[in-house]
Amino acid sequence: MNQKYRKTDSSAAVSHQEQVPPWHTSSGLEVMAGLGTGPGGLDDGEAAERMVRYGTNTLIRKKSDGPWLIFWRQLNTPIGWLLVAAGCMAVMLGKYTDSAVVFGAVVINAIIGFLQEYRAGKAIDALSALVPRVAVVIRAGRSRELPAEELVPGDVVTLQSGDQAPADLRLIQVKNLLVDESALTGESLPVAKRSEPVPSEAALGDRFSMTYSGTLVVQGTAVGVVVATGAASELGKINTLLDQTGQLETPLTRQLEKVTLWITVAVIAMVAVLVAFGILVKGAPVAEALMVAVSLAAAAIPEGLPSVITIALAIGVRRMAERHAVVRHLPAVETLGSTSVICSDKTGTLTRNEMTVQVAWLAGNEYRFSGVGYAPFGEIEHDGQRLTTLPAGLRELITTAVLCNDAALRQDGDVWAISGDPTEAAMVVSARKAGIDEHELRVRHERLDSIPFESDIKFMATLNHFDDGSRILLKGAPETVLDRCELNGEVRRLAEEAMETYGRQGMRVIAFAWRGAGDSRRIQPSDVESGLTFAGLAGMIDPPRSEAMDAIRICHRAGITVKMITGDHPTTAEAIGRQLGLLAPGQSAVPGRQLEGLSDAELQQTVSGTHVFARVAPEHKIRLVQALQALGHVVAMTGDGVNDAPALKQADIGVAMGITGTAVSKEAAKVILVDDNFASIAAAVEEGRRVYDNLIKSLAFILPTNLGLAFTLSAAMFFFPTVQVDGVRMLLLAMSPSQTLWINLIASVTLSIPLAFEVLEPNAMERPPRSPDAPVFSGFIVSRLIVVASLMAATACGLFLLEYFRIAGSGPVTGAIHAVALSEAQTSCVTAITFSQIFYLLNCRSLGSSFLSQGIFSNPSIYVGITVLLLFQVCFVYVTPLQALFGTAPLDAKAWFHAAVAGAVVLPVISFEKWIRGRKK
């Protein structure tokens with residue numbers, strides 16, 4: 001087999017390493033021959049040459065955008081440029097105060113957008129941290145420590161317990177090697193490794209002759225040959241996928257971009273019409289007409305919208321944190337509410353990640369253990385009856401399981417934890433349920449010798465002291481143990497039937513046996529080859545979380561599909577899937593290798609009808625997510641391993657595990673579950689729907705104000721008379737640019753924030769997810785916006801004209817009188833719109849029902865917001881510095897009363913409109 005590396009330039013190193021045949025299918029000798037190395041490793045000269053050829057064993061980092069570029073993106077928007085143009089125009093007209101306020105709004109919005117987007121690409125930094133800094137390498141026949149980045153293909157590396165694999169290695173020599181590959185493959189238990197080749201079609205988690213970069217040795221020693229480094233390693237491929245995967249926009253972001261574009265086009269068109277009308281029809285000075293344009297731009301653009309959205313999302317973040325979901329990316333809060341598919345990992349999310357003995361079998365008798373996890377509480381049942389006395393055979397089985405065992409159980413506060421192998425720990429917990437104390441048992445039956453578990457022999461044996469002499473205790477793979485026992489054919493047949501039954505249920509089955517050893521003090525492999533007494537079987541599984549089952553039912557009622565995507569075995573995945581209600585009778589799990597040959601269309605068809613996927617690789621997860629997105633779904637993806645990071649980033653919502661999650665997965669995700677519990681995802685979706693509903697209420701509140709201001713200024717241009725001021729014809733401007741910004745940035749924001757605290761709508765988790773392409777506003781809300789805006793404009797314009805001509809009269813006026821009349825009329829106009837907002841806020845508490853339906857005092861922050869705004873408005877009217885900044889004048893009690901009455905018109909009108917719609921429905 002000619003797999004030898006050829007000379008290539010460094011730019012081709014990665015692709016060349018990826019193109020070689022799979023090393024896991026070759027023998028150790030073939031691997032070393034193919035790599036041009038031997039047991040003594042490479043010499044320094046050859047290693048240096050390969051370093052030039054293949055590059056360092058490091059992960060390539062894609063350069064992220066700098067802060068200035070991110071800040072520039074916030075300014076470089078249609079609305080941003082429109083406001084900048086309005087500010088520049090105000091400067092040219094000598095309106096420096098107005099221009100300063102406009103530019104201030106631009107900067108504030110840019111800062112808010114910058115803070116949302118600025119997040120360094122730490123996922124790849126965290127990925128790089130998985131590669132160890134040093135490795136023990138054999139070069140020129142001598143063992144030495146070298147920086148891991150200096151490893152090259154062909155290097156011979158030694159591993160021992162506690163080491164991280166420094167590169168992808170083909171194992172040549174193995175001694176009791178167990179490797180934790182959960183972060184890479186999703187396999188929940190340490191994997192026993194061996195040196196023999198495996199079939200070429202073996203999935204990543206089944207390549208027992210390989211150890212991959214970043215995985216952890218938990219037991220044993222090994223010698224391996226480096227077959228891939230840097231970007232060519234499996235970790236490097238994940239790094240590349242992570243680098244190539246872009247961040248997706250949220251549904252609300254996409255819809256708001258459409259709204260923004262529409263507003264920009266509409267403002268430009270309206271400005272052009274108003275300026276032309278003012279100059280050509282009304283004969284107004286160019287400067288006056290342009291000032292109307294500046295006011296219109298400031299009025300029609302919802303400058304306070306970014307602040308309102310950010311604050312509303314931040315409130316949602318706080319609520320989600322209270323329900324064990326930490327949000328790292330603010331828009332993720334809203335996206336959760338539109339999630340239509342949740343792709344969940346199995347281990348620790350849908351299950352407890354705590355192996356639990358569910359059944360013991362001996363001599364045709366089956367004993368069921370209640371309780372789940374490591375908490376040693378539960379009962380034992382036989383034939384549906386709770387055991388009060390432990391049968392001798394079951395006691396013998398449990399005794400064997402506890403003594404041939406190195407695990408320990410401990411209580412940390414209210415939490416039960418283990419040390420050692422989870423499978424062994426499950427047997428210790430079952431002993432506690434049977435009333436057997438493992439510490440007392442191990443003291444009474446001292447261990448004299450042992451044969452540790454090895455993947456080649458598939459068993460563990462101990463020699464323990466008993467009152468009648470030494471006894472050999474054996475546990476291991478059922479077939480291995482049964483072959484060493486003296487059994488009649490019928491008992492073996494029954495045992496094999498039980499093994500098959502438990503295996504179909506997704507259980508991991510362990511067999512136990514024993515034999516007397518007289519006064520022996522040592523144990524040899526030959527002592528356990530035959531003649532043992534079969535003690536029985538134990539079946540265990542990582543059980544589903546009960547709260548996960550409830551959460552899945554809630555998701556199904558809410559129209560959300562749940563899919564389980566795991567690196568575990570198909571049999572186990574199917575068993576858990578059935579318990580969780582994800583698989584119907586006759587359905588089965590689809591293994592990852594079955595996905596590889598499917599076209600995109602075939603994959604979309606498969607993913608639509610399948611809810612459980614097993615033995616999936618990182619590239620499979622990304623394809624599954626992309627297939628669901630291509631079908632129009634908003635996808636939430638959970639994961640905790642390095643292998644999950646690319647899919648977490650690709651998904652609309654990446655959800656990482658806070659307890660078991662790697663740093664890589666947490667950095668790639670937008671949401672982190674503090675308790676690793678699927679039920680917390682369902683709670684987060686509920687909060688997401690609440691946040692979205694309240695955001696729509698905020699938008700339905702803010703946009704009529706902007707439209708109303710635009711209507712007011714347009715009405716002033718088209719219908720207000722011009723006035724003679726000191727012999728010069730002048731336009732009447734209902735509001736100045738700075739006054740419109742007061743309404744947009746102060747009044748609108750102050751009143752919008754309380755809407756974010758509204759309670760969950762009664763039917764929020766009973767309705768299907770909204771389509772990501774659905775418009776932000778339905779037809780009836782759009783019509784309501786127009787009605788509210790028209791009411792605001794009509795009452796504000798009427799009050800403005802009433803106040804202006806009350807002071808100035810109907811004839812020509814001096815500049816001083818005009819200034820006083822205009823200032824007081826504009827102040828009354830702004831105050832009237834403020835009162836309209838206050839009364840309309842009450843209507844926005846529920847868009848479809850009476851404002852009383854939510855409960856008058858269910859959201860006290862509404863009244864706090866109204867009180868704060870009234871205090872602000874008093875300052876706006878009476879505080880001298882604000883009068884100078886915004887051009888306002890003091891109002892008397894009568895003017896306040898007129899403004900309040902004008903503003904109150906919106907409440908009964910919209911309430912009546914809701915009543916009519918309710919009657920029609």
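Further up the page is the structure itself.
Residues numbered from 1 in each chain as written. Predicted model: local features only at pLDDT ≥ 70, side-chain atom pairs only at ≥ 80, totals over all residues. Heavy atoms only, no water.

Student: Could you clarify how one ought to interpret the overall build of the protein chain in this entry?
Tutor: Scanning the protein chain from N- to C-terminus turns up 33 helices and 28 strands. Considered along the principal axes of its C-alpha atoms, the protein chain spans approximately 125 × 75 × 50 Å. A buried classification covers 55% of the 921 residues belonging to the protein chain. Charged side chains in the protein chain number 78 positive and 89 negative. The centres of these two groups are separated by 6 Å. (Helix = DSSP H or I, 4+ residues; strand = E, 2+ residues; numbered from the N terminus. Buried < 20%, exposed > 50% of the residue type's maximum accessible area, 1.4 Å probe, protein only. Lys, Arg positive; Asp, Glu negative; His and termini not counted. Charge placed at Lys NZ, Arg CZ, Asp CG, Glu CD.)

Student: For this particular structure, what's the right way to read the state of the cysteines?
Tutor: Note: disulfide means a covalent bond formed between the sulfur atoms of two cysteine side chains. Applying the stated criterion to the full structure yields zero disulfides. The structure places no disulfide on cysteine 404, whose sulfur is separated from the nearest cysteine sulfur, that of cysteine 485, by 12 Å. Just so you know, cysteine 829 is unpaired, no disulfide at all, and the nearest cysteine sulfur is the one on cysteine 797, 6.3 Å from it. (Disulfide = S-S within 2.5 Å.)

Student: Teacher, can you tell me more about the packing of helix H29 (residues 815–844) against helix H33 (residues 906–920) here?
Tutor: Helix-helix packing is described using two parameters, namely the angle between the two axes and the distance between the axes. Relative to each other, H29 and H33 sit at 25 degrees, their axes nearing to 8 Å. The orientation of H29 with respect to H33, classified from their angle, is roughly parallel. The two elements H29 and H33 cross, and the hand of that crossing is right-handed. Taken together, the residues of H33 that come into contact with H29 (itself represented by Ser836, Phe839, Tyr840, Leu842 and Asn843) are Val906, Leu907, Ile910, Ser911 and Lys914. (Axes fitted to C-alpha atoms, helices over the stretch in contact; angles between N-to-C directions. Parallel < 35°, antiparallel > 145°, perpendicular 65-115°, else oblique. Left-handed = near helix turned anticlockwise from the far one by under 90°. Contact = heavy atoms within 4.5 Å.)

Student: So what exactly am I meant to see when it comes to the pattern of salt bridges here?
Tutor: Think of it this way: side chains of opposite charge can pair up when their charged atoms draw near. One pass over the full model with this rule turns up 36 salt bridges. A salt bridge links arginine 139 to aspartate 155, with the nearest nitrogen and oxygen atoms 2.8 Å apart. A residue pair is termed long-range when its members are at least 10 positions apart, and arginine 139 in strand S1 (residues 134–139) and aspartate 155 in the loop between strand S2 (142–147) and strand S3 (156–160) qualify at 16 residues. By relative accessible area, which is 7% here, arginine 139 ends up buried. Between lysine 475 and glutamate 424 there is a salt bridge, with the nearest N and O atoms lying 2.4 Å from each other. In this pair, lysine 475 is assigned in strand S18 (residues 469–476) and glutamate 424 in helix H15 (residues 422–433), connecting sequence segments 51 residues apart. By the burial criterion, lysine 475 is buried, and glutamate 424 matches it. (Salt bridge = Lys/Arg side-chain N within 4 Å of Asp/Glu carboxyl O.)

Student: Would you mind showing me how to read the pairing of strand S19 (residues 508–516) here?
Tutor: As judged from the six bridges shared by S18 and S19, these two strands associate in the antiparallel manner. Note on S19: the bridge partner recorded for lysine 475 is phenylalanine 512. Sheet topology note: the S19/strand S20 (residues 533–541) ladder contains seven bridges and is antiparallel. The residue of S20 that forms the bridge with tryptophan 514 is threonine 533. (Pairing = 2+ DSSP bridges.)

Student: It is not clear to me how the side chain of threonine 480 should be interpreted in this structure. Could you clarify?
Tutor: When you line up the elements, threonine 480 lands in helix H17 (residues 478–483). With residues up to four places along the chain from it excluded, the contact list for threonine 480 reads Ile457, Lys458 and Phe459.

Student: How should helix H19 (residues 546–557) be read in this particular structure?
Tutor: One turn of the α-helix equals 3.6 residues, which is why residues spaced by three or four share an orientation. Compared with the 16 Å implied by 1.5 Å per residue over twelve residues, the 17 Å span of H19 between its first and last C-alpha is a close match. Every buried residue of H19 is listed here: Ala548, Ala551, Ile552 and Cys555. Buried residues of H19, seen end-on, are gathered within an arc of 105 degrees and therefore sit on one face of the element. Buried residues in H19 make contact with strand S9 (341–344), strand S21 (561–565) and helix H26 (678–719). (Expected span 1.5 Å × (residues − 1). Arc of directions from axis to C-beta.)

Student: Which parts of the structure should I look at to understand the sheet that holds strand S26 (residues 671–673)?
Tutor: In a beta sheet, neighbouring strands are held together by backbone hydrogen bonds and run either parallel or antiparallel to one another. Spatial strand order, S8-S26-S25-S24-S9-S21-S23-S22: eight strands in an open sheet with mixed pairing. The two strands at the open ends of the sheet, each matched to only one other strand, are strand S8 (325–327) and strand S22 (590–591). Of the strand pairs in this sheet, S8 and S26 are connected by three bridges, and their pairing is antiparallel. Paired with valine 326 across the strands is isoleucine 672, a residue of S26. In this fold helix H23 (residues 618–630) packs onto S9, S21, strand S23 (612–614) and strand S24 (635–639), with an angle of close to 160 degrees to the strand it touches most, S24.

Student: Mind showing me how you'd approach the sheet that holds strand S17 (residues 459–466) here?
Tutor: The strand order S13-S12-S11-S10-S20-S19-S18-S17-S16 describes an open sheet built from nine strands, whose pairing is antiparallel. The strands lining the two open edges of the sheet, one partner per strand, are strand S13 (385–386) and strand S16 (447–451). Across the sheet, H15 lies against strand S10 (356–362), strand S11 (365–369), strand S12 (380–382), S17, S18, S19 and S20, angled at about 75 degrees from S10, the strand it touches most.

Student: Any chance you could explain the side chain of aspartate 168 here in plain terms?
Tutor: Secondary-structure assignment places aspartate 168 in strand S4 (residues 168–180). Lacking a salt bridge, the buried aspartate 168 has lysine 237 as its closest oppositely charged neighbour, with an N-O distance of 6.2 Å. Here glutamate 234 takes part through its backbone nitrogen, which lies 2.9 Å from a polar atom of the side chain of aspartate 168. Those residues in contact with aspartate 168, other than ones at most four positions away along the chain, are Thr211, Tyr212, Ser213, Val225, Val226, Val227, Ala228, Ala232, Ser233 and Glu234. (Polar contact = N/O pair within 3.5 Å; in protein donor to acceptor, adjacent residues only side chain to side chain.)

Student: Help me understand the nonpolar core in this model?
Tutor: Core analysis: the biggest nonpolar cluster contains 162 residues, and Phe678, Phe777 and Tyr804 have the highest contact counts within it. It is H26 that contributes the most residues to this core, 20 residues altogether. In terms of nonpolar packing, the next biggest core, distinct from the first, is built from 43 residues, Trp23, Leu235, Val642 and Ala668 among them. (Core = buried A, V, L, I, M, F, W, Y, C linked by side-chain atoms within 4.5 Å.)

Student: So what exactly am I meant to see when it comes to the environment of valine 607 here?
Tutor: One can find valine 607 in helix H22 (residues 600–609). Sequence separation of valine 607 and arginine 623 is 16 residues, and the distance between their C-alpha atoms is 10.0 Å. Setting aside anything within four residues of it in sequence, one finds valine 607 in contact with Lys563, Phe613, Leu624, Ala627, Leu628 and Leu631.

Student: I'm lost on the packing of aromatic side chains in this one. Help?
Tutor: Geometrically, a pair of aromatic rings is defined through the distance of the ring centres and the angle of the planes. Tallied over the full model, the rule gives 14 aromatic pairs. Centre to centre, the rings of phenylalanine 377 and tryptophan 416 are 6.0 Å apart; their planes meet at 85 degrees, and the pair counts as edge-to-face. Here phenylalanine 377, found in the loop between S11 and S12, pairs with tryptophan 416, found in strand S15 (residues 415–419); they are 39 residues apart in sequence, far enough to count as distant. Under the relative-accessibility criterion, tryptophan 416 is labelled buried at 16%. Look at phenylalanine 720 and phenylalanine 800: their rings are 5.4 Å apart centre to centre, the planes differ by 10 degrees, and that puts the pair in the stacked class. With phenylalanine 720 in the loop between H26 and strand S27 (723–725) and phenylalanine 800 in helix H28 (residues 779–808), this pair connects stretches of sequence that are 80 residues apart. The structure contains a cluster of three or more aromatic residues connected by ring pairs, namely Phe720, Phe800, Tyr804 and Phe805. Lying across the ring of tryptophan 514, arginine 471 places its NZ or CZ 4.4 Å from the centre. When the ring centre of tyrosine 692 is taken as reference, the NZ or CZ atom of arginine 770 above it lies at 3.2 Å. (Phe/Tyr/Trp six-rings, centres within 6.5 Å; stacked < 30°, edge-to-face > 60°. Lys NZ or Arg CZ within 6 Å of the ring centre and 35° of its normal.)

No statement about biological role is implied by the geometric values presented.
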